[in-house]
Amino acid sequence: MQPISLTQHLIEEQRRHDSVNADLRLLIEVVARACKRISIAIGKGALGGVLGEAGTADSISVNVQGEAQKKLDVLSNEILLEANAWGGHLAACASEEMADPYPIPDAYPKGNYLLLFDPLDGSSNIDVNISVGTIFSVLRCPEGVAQPSEKDFLQPGTRQVAAGYCVYGPNTLLVLTTGHGVNVFTLDREIGSFRLTRANAAIPDETSEFAVNMSNQRFWEAPMQRYVADLLAGKTGPRGRDFNMRWVASMVADVHRILTRGGIFIYPLDEKVKAKGGKLRLMYEANPMSFIVEQAGGAATTGRSRILDVQPTQLHQRVPVFLGSKHEVEMATNYHLDADHPG
Ligand code: AHG
Ligand code: MN
Ligand code: MN
């Protein structure tokens with residue numbers, strides 16, 4: 001028998017948990033449809049003219065984060081906006097690639113949800129044909145707000161009603177939570193439908209694999225230096241076993257490996273990103289990924305406290321991220337807490 005479709009899964013979630021009303025189902029289906037279009041564009045590569053930088057040689061295009069935009073950053077953002085504008089399920093969108101929230105055009109009815117996304121995660125991997133992805137988060141629009149502004153988006157991650165990511169790799173996968181576990185869907189490219197291929201994904205509590213950009217080692221804080229030194233010391237060190245390392249530099253791909261076989265993913269504070277608060281974005285990356293990881297039995301902290309409890313103060317806020325196998329995240333967090341409160 002064929003694995004069930006995304007639509008059937010969402011209808012069953014609603015029957016079981018009353019957690020996916022018709023508007024939320026439409027929203028998730030529209031995002032999934034947009035991700036299919038992004039997947040097709042990525043799949044064409046150089047033949048579709050989608051590789052390389054956005055803008056011109058004389059004037060490169062830079063986003064609100066101060067990062068050079070790739071053509072696919074811009075295209076994926078446009079695909080997500082266009083797909084979501086007219087369905088009547090959204091009050092507004094916000095994107096890593098846009099300075100301000102995007103209001104739903106007046107021509108269309110407005111709904112009760114706010115959608116936030118990182119349209120293309122892992123941009124540095126586009127041109128080298130390594131997995132990239134899309135990350136999204138769904139919040140409720142506060143009661144009585146007709147024209148949402150930045151402050152209406154500033155809700156802690158605990159308020160997310162759904163979150164997910166797509167990985168555009170050898171397979172295109174959609175990973176989704178609506179607060180009742182995590183489910184993985186594989187895109188059947190021939191019929192254009194996402195099918196449930198892994199129900200109730202669970203991250204093992206223990207791991208011997210870590211993911212971090214080691215080239216930043218000398219810029220890290222002292223407790224992070226100590227934690228990784230103890231991992232690297234292996235069998236004869238304080239941890240008493242050898243650790244393996246992986247770093248794809250696409251958060252979606254690194255998180256997906258952790259969802260599959262466990263591990264810890266870290267983008268810590270370092271001297272280079274300290275002034276900004278961290279490298280990864282709270283609303284588009286850290287919160288949705290933390291919601292997914294917690295729903296799969298893992299943990300996610302800033303190195304000091306739970307990410308989902310952080311009260312955002314800015315739409316484009318950044319935070320340090322430690323997420324994955326529960327015991328390992330607790331261990332790394334304790335190195336920081338012990339350093340902050342010695343004795
Ligand atoms: P984005 O492409 O959306 O800007 O995100 C890139 C992020 C994340 O996906 C990845 O984990 C990290 O940046 C990689 O950073 P380094 O290049 O510093 O290793
Ligand atoms: Mn990203
Ligand atoms: Mn991005």
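Conventions used here
Residues numbered from 1 in each chain as written. Chains lettered and ligands numbered in written order. Predicted model: local features only at pLDDT ≥ 70, side-chain atom pairs only at ≥ 80, totals over all residues. Heavy atoms only, no water. Helix = DSSP H or I, 4+ residues; strand = E, 2+ residues; numbered from the N terminus. Buried < 20%, exposed > 50% of the residue type's maximum accessible area, 1.4 Å probe, protein only. Domains from an automatic or database assignment. Contact = heavy atoms within 4.5 Å. Buried area = accessible area lost by both parts, 1.4 Å probe. Salt bridge = Lys/Arg side-chain N within 4 Å of Asp/Glu carboxyl O. Polar contact = N/O pair within 3.5 Å; in protein donor to acceptor, adjacent residues only side chain to side chain. Donors = N, O, S within 2.8 Å, 3.2 Å for Na, K, Ca; no water. Pairing = 2+ DSSP bridges.

(A) Representation of unusual backbone geometry. One non-glycine residue, aspartate 18, lies in positive phi territory at about 55°. Residue placement: aspartate 18 occurs in the loop between helix 1 (6-17) and helix 2 (22-44). Taking the relative accessible area as the measure of exposure, aspartate 18 reaches 62% and is therefore exposed.

(B) Main features of the domain arrangement of the chain. With domains assigned, the chain is organised as domain 1 (6-198) and domain 2 (209-340). Here the C-alpha centre of domain 2 lies 24 Å away from the C-alpha centre of domain 1. Listed per partner, the contact involves 50 residues of domain 1 and 33 residues of domain 2. Across the domain 1/domain 2 interface, buried area totals approximately 3000 Å², and carbon plus sulfur atoms make up 60% of it. If you sort the residues of domain 1 by the area they bury against domain 2, Gln65, Leu154 and Tyr165 come out on top, with a joint share of 19%. A salt bridge links arginine 281 to glutamate 96; its shortest N-O distance comes to 3.5 Å. Taken together, domain 1 and domain 2 are joined by 18 residue pairs in polar contact (both at pLDDT 80 or more).

(C) Spotlight on the coordination of the manganese ion (ligand 3). Around the manganese ion (ligand 3), the protein contributes the donor atoms Glu96 (OE), Asp118 (OD) and Leu120 (O), which lie 2.2 to 2.3 Å from the metal centre. The sequence motif formed by the donor residues of the manganese ion (ligand 3) is E-x21-D-x1-L. Between the manganese ion (ligand 3) and the manganese ion (ligand 2) the interatomic distance comes to 3.7 Å, and aspartate 118 is a ligand of both metals. Pair noted here: glutamate 96 is in the loop between strand 1 (90-95) and strand 2 (102-103) and leucine 120 is in strand 3 (residues 113-121), with a separation of 24 residues, a long-range link. Pair check on accessibility: glutamate 96 and leucine 120 agree, each one buried.

(D) Layout of the side chain of threonine 301. Positionally, threonine 301 belongs in strand 13 (residues 299-301). For threonine 301, a relative accessible area of 11% puts it in the buried group. Within the structure, threonine 301 has its side chain in polar contact with the backbone nitrogen of glycine 303 (distance 2.9 Å). A distance of 2.9 Å separates polar atoms of two side chains, one belonging to threonine 301 and the other to threonine 333. Ignoring any residue separated from it by four or fewer positions in sequence, one finds threonine 301 in contact with Arg306, Ile307, Pro320, Val321, Phe322, Val329 and Thr333.

(E) Broad picture of the sheet that holds strand 11 (residues 264-267). As summarised here, the arrangement of the five strands in space is 10-9-11-15-13, forming an open sheet in which the pairing is mixed. The sheet terminates laterally at strand 10 (244-245) and strand 13, the two strands that pair on one side only. Both strand 11 and strand 15 (residues 321-324) contribute to a ladder of four bridges, which runs antiparallel. Bridging across to strand 15, isoleucine 266 finds its partner in phenylalanine 322.

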